[in-house]
Amino acid sequence: QVQLVESGGGLVQPGGSLRLSCTASGSIAGISAMDWYRQAPGKQRELVAGISENGRTNYADSVKGRFAISRDNAKHTTYLQMNSLKPEDTAVFYCNADIRSYYGDVLRTRNYWGQGTQVTVSS
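Conventions and cut-offs
Residues numbered from 1 in each chain as written. Predicted model: local features only at pLDDT ≥ 70, side-chain atom pairs only at ≥ 80, totals over all residues. Heavy atoms only, no water. Pairing = 2+ DSSP bridges. Helix = DSSP H or I, 4+ residues; strand = E, 2+ residues; numbered from the N terminus. Axes fitted to C-alpha atoms, helices over the stretch in contact; angles between N-to-C directions. Salt bridge = Lys/Arg side-chain N within 4 Å of Asp/Glu carboxyl O. Buried < 20%, exposed > 50% of the residue type's maximum accessible area, 1.4 Å probe, protein only. Core = buried A, V, L, I, M, F, W, Y, C linked by side-chain atoms within 4.5 Å. Contact = heavy atoms within 4.5 Å. Phe/Tyr/Trp six-rings, centres within 6.5 Å; stacked < 30°, edge-to-face > 60°. Lys NZ or Arg CZ within 6 Å of the ring centre and 35° of its normal. Polar contact = N/O pair within 3.5 Å; in protein donor to acceptor, adjacent residues only side chain to side chain.

Student: Help me out: how do you make sense of the sheet that holds strand 8 (residues 77–82) in this one?
Tutor: Within a sheet, neighbouring strands are paired by backbone hydrogen bonds and run either parallel or antiparallel to one another. Here we have four strands laid out as an open sheet, ordered 1-3-8-7, and antiparallel in their pairing. On the outer flanks of this sheet lie strand 1 (3–7) and strand 7 (67–72), each paired with one strand and no other. Within this sheet the neighbouring strands show an average axis-to-axis angle of 15 degrees, counted without direction. Of the strand pairs in this sheet, strand 3 (residues 18–25) and strand 8 are connected by six bridges, and their pairing is antiparallel. Along strand 8, the bridge assignment pairs Leu18 with Met82.

Student: What exactly am I supposed to notice about the pattern of salt bridges here?
Tutor: Side chains bearing opposite charge may pair, as long as their charged atoms lie close to each other. For the structure shown, the criterion picks out five salt bridges. Between Glu46 and Arg38 there is a salt bridge, with the nearest N and O atoms lying 2.7 Å from each other. For Arg38, a relative accessible area of 6% translates into the label buried. In this structure, Arg100 engages Glu53 in a salt bridge whose closest nitrogen and oxygen atoms are separated by 2.9 Å.

Student: Help me understand the nonpolar core, please; the structure alone is not making it clear to me.
Tutor: Most often, soluble globular proteins keep nonpolar side chains buried together rather than apart. Counting residues in each nonpolar core, the largest one holds 29 residues, and the members touching the most others are Leu4, Trp36, Phe67, Leu80, Met82, Phe93 and Ile99. Those elements that place two or more of their residues in this core are strand 3, strand 4 (28–39), strand 5 (46–51), strand 7, strand 8, strand 9 (91–103) and strand 11 (117–121). Of the residues forming this core, the biggest block, five residues, is contributed by strand 9. Excluding anything up to four places from it in sequence, Phe67 contacts Arg38, Val48, Tyr59, Leu80, Gln81, Met82, Asn83, Leu85, Asp89 and Phe93.

Student: Mind showing me how you'd approach unusual backbone geometry here?
Tutor: A negative phi angle is the norm for most residues apart from glycine, just as the trans form is the norm for most peptide bonds. Even without a glycine there, the phi angle at His76 is positive, about 50 degrees. Relative to the elements of secondary structure, His76 occurs in the loop between strand 7 and strand 8. Assessed through its relative accessible area of 23%, His76 is described here as partly exposed.

Student: I would appreciate a short explanation of the packing of aromatic side chains in the present structure.
Tutor: To describe a pair of aromatic rings, you give the distance between the ring centres and the angle between the ring planes. Within the structure shown, the criterion is met by two aromatic pairs. When the centroid spacing of 6.4 Å and the interplanar angle of 85 degrees are considered together, the rings of Tyr94 and Trp113 count as edge-to-face. Placement of the pair is Tyr94 in strand 9 and Trp113 in strand 10 (residues 106–113), with a sequence separation of 19 residues. A relative accessible area of 38% places Trp113 in the partly exposed class. For Arg45, the ring lying beneath its charged end belongs to Tyr94, and the centroid distance is 3.8 Å. Directly above the ring of Trp113 sits Arg45, whose terminal nitrogen or CZ lies 4.7 Å from the centroid.

Student: What's the story with the environment of Arg38 in this structure? I'm lost.
Tutor: Mapping Arg38 onto the fold places it in strand 4. Between the C-alpha atom of Arg38 and that of Cys95, which follows or precedes it by 57 residues, the distance is 8.7 Å. Not counting residues within four places of it along the chain, the set of residues in contact with Arg38 comprises Gln44, Arg45, Glu46, Val48, Ser62, Val63, Phe67, Asp89, Ala91, Val92 and Phe93. Of the polar contacts made by the side chain of Arg38, one reaches the side chain of Glu46; its length is 2.7 Å.

Written out as structure tokens, the structure reads:
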């Protein structure tokens, strides 16, 4: 089965940096857009950044200039470099992707969510 797993979260001081990773595993033929979402307590889950299969990126206004998304297609991995972190960035960060995979010899596309990784920005 295909799995999507995030890592790299933790506790960081305001102004600090973290790099999140999201790696897909399984019988993967390809991955379209890979996106990072976050959900703070009492808030709706929001899109933070996305990157297409061809490397085009988009960011939420709140993180533009501070976060950078990238991907390594050979490793089926996306990264979110987060700089100049603010307390309001505190949230569980989730990776999301549409993954083309094989079920036997049948190719299908499914949407997957990672389990989430906690990012806490606090002094």
